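# Descriptive analysis of the structure
Residue strings, one per chain:
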Amino acid sequence: FDVSAITLTVNTTPVANPTTLSLCADAPGGTTATFDLTSANAVIDPTTAFTITFHETPVDAQNNTGLIGTPAAYVTGSRQVYARVTNGTTGCFSTAVVTLVVSAEPVANPATDTLCSTIPGGTRADFVLGGLDIVVDPTQSYIVTYHTDLADANSDTGFLNKISYNGTTETLVA
């Protein structure tokens, strides 16, 4: 009989971490949002050393089929998709669940507040804007902020003081 050396090699399988992405719906009353799945890459593979692909089913992720064609602009409702982390040198891979959550776009109700001027003959008063939060959001599910214009509200800048806002007759944006 003859004896021969046999070499065994173990290649490390990459780690694939599960994660969750959450967005508001793209439209009021809508149930879908446009996700950038690639924004989760650093969580899925903190080493950033491997190739990440996204798939609609766990079987597709295992078989490396059914790729999501535009992972940077994936339109969907709440669901799970699957990331596949592959070592391009060894072919070893792992998969992880990426949970996508679409929340309803909040609806802000209009509110009004009327005060007498702070000084006689004046045109300004000290408003407590925070007192209007319950009117703007009766569910109290969101953080309500106040702004002097829509551009500030959309860019989430220019916050007004909710405890004491010295305002005049004007329209604010919540």
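Definitions and limits used
- Residues numbered from 1 in each chain as written.
- Predicted model: local features only at pLDDT ≥ 70, side-chain atom pairs only at ≥ 80, totals over all residues.
- Heavy atoms only, no water.
- Helix = DSSP H or I, 4+ residues; strand = E, 2+ residues; numbered from the N terminus.
- Rg over C-alpha atoms; globule rule 2.2 N^0.38 Å.
- Contact = heavy atoms within 4.5 Å.
- Areas by Shrake-Rupley, 256 points an atom, 1.4 Å probe, with all protein chains shown as cover.
- Lys, Arg positive; Asp, Glu negative; His and termini not counted.
- Charge placed at Lys NZ, Arg CZ, Asp CG, Glu CD.
- Salt bridge = Lys/Arg side-chain N within 4 Å of Asp/Glu carboxyl O.
- Buried < 20%, exposed > 50% of the residue type's maximum accessible area, 1.4 Å probe, protein only.
- Pairing = 2+ DSSP bridges.
- Axes fitted to C-alpha atoms, helices over the stretch in contact; angles between N-to-C directions.
- Core = buried A, V, L, I, M, F, W, Y, C linked by side-chain atoms within 4.5 Å.

## Notes on the overall build of the chain
Looking only at helices and strands, the chain has four helices and eight strands in total. N-terminal to C-terminal, the α/β element order of the chain is β-β-α-β-α-β-β-β-β-α-α-β. Radius of gyration (C-alpha) of the chain: 26 Å, far over the 16 Å computed for a compact globule of 174 residues. Taken over the C-alpha atoms alone, the chain extends approximately 110 × 30 × 25 Å along its principal axes. Nonlocal contacts in the chain, meaning residues at least 24 apart in sequence, comprise 59% of its contacts between residues at least 6 apart. Accessible surface computed for the chain: about 10,900 Å², of which carbon and sulfur atoms make up 57%. Taking the 4 positively charged and 15 negatively charged side chains of the chain as two groups, their mean positions are separated by 2 Å.

## Some thoughts on the pattern of salt bridges
A complete count under the given rule lists two salt bridges for this structure. Across the salt bridge formed by Glu-56 and Arg-79, the nearest N and O atoms sit 3.6 Å from each other. Taken as a pair, Glu-56 in the loop between strand 3 (51–55) and helix 2 (58–63) and Arg-79 in strand 5 (residues 79–86) lie far apart in primary sequence, 23 residues in all.

## As for the pairing of strand 6 (residues 93–103)
Burial along strand 6 is one-sided: the face carrying Ser-94, Ala-96, Val-98, Leu-100 and Val-102 is buried and the face carrying Phe-93, Thr-95, Val-97, Thr-99, Val-101 and Ser-103 is not. Direction of pairing for strand 1 (residues 19–24) relative to strand 6: parallel, over a ladder of six bridges. Looking at strand 6, one finds that Leu-21 is bridged to Leu-100. Judged from the eight bridges that link them, strand 5 and strand 6 form a sheet pairing that is antiparallel. Directly across from Thr-86, in strand 6, lies its bridge partner Phe-93.

## Section: the environment of Asp-45
Relative to the assigned elements, Asp-45 resides in the loop between helix 1 (41–44) and strand 3. Owing to a relative accessible area of 2%, Asp-45 belongs among the buried residues under this scheme. Considered as a pair, Asp-45 and Thr-86 are 41 residues apart in the sequence and their alpha carbons are 9.9 Å apart. Those residues within four positions of Asp-45 in sequence are excluded, and the remaining contacts are Val-15, Phe-50, Ile-52 and Val-85.

## A word on the sheet that holds strand 1
Reading across from one edge, 1-6-5-3 is the order of the four strands in this open sheet, with mixed pairing throughout. Two strands bound the open sheet, and with one partner strand each, they are strand 1 and strand 3. Direction aside, the axes of adjacent strands within the sheet are offset by 25 degrees on average.

## Regarding the nonpolar core
Leu-37, Ile-44, Phe-54, Val-98 and Leu-100 are the most contacted members of the largest nonpolar core, which has 19 residues in total. Of all the secondary-structure elements, those providing two or more residues to this core are strand 2 (33–35), strand 3, strand 5 and strand 6. Residue contributions to this core peak at four residues, all from strand 6. Beyond its immediate sequence surroundings of up to four residues, Leu-100 is in contact with Leu-21, Phe-35, Leu-37, Tyr-74, Thr-76, Gly-77, Ser-78, Arg-79 and Val-81. Counting residues in each nonpolar core, the second largest holds nine residues, with Val-136, Val-144, Leu-160 and Tyr-165 among its members.

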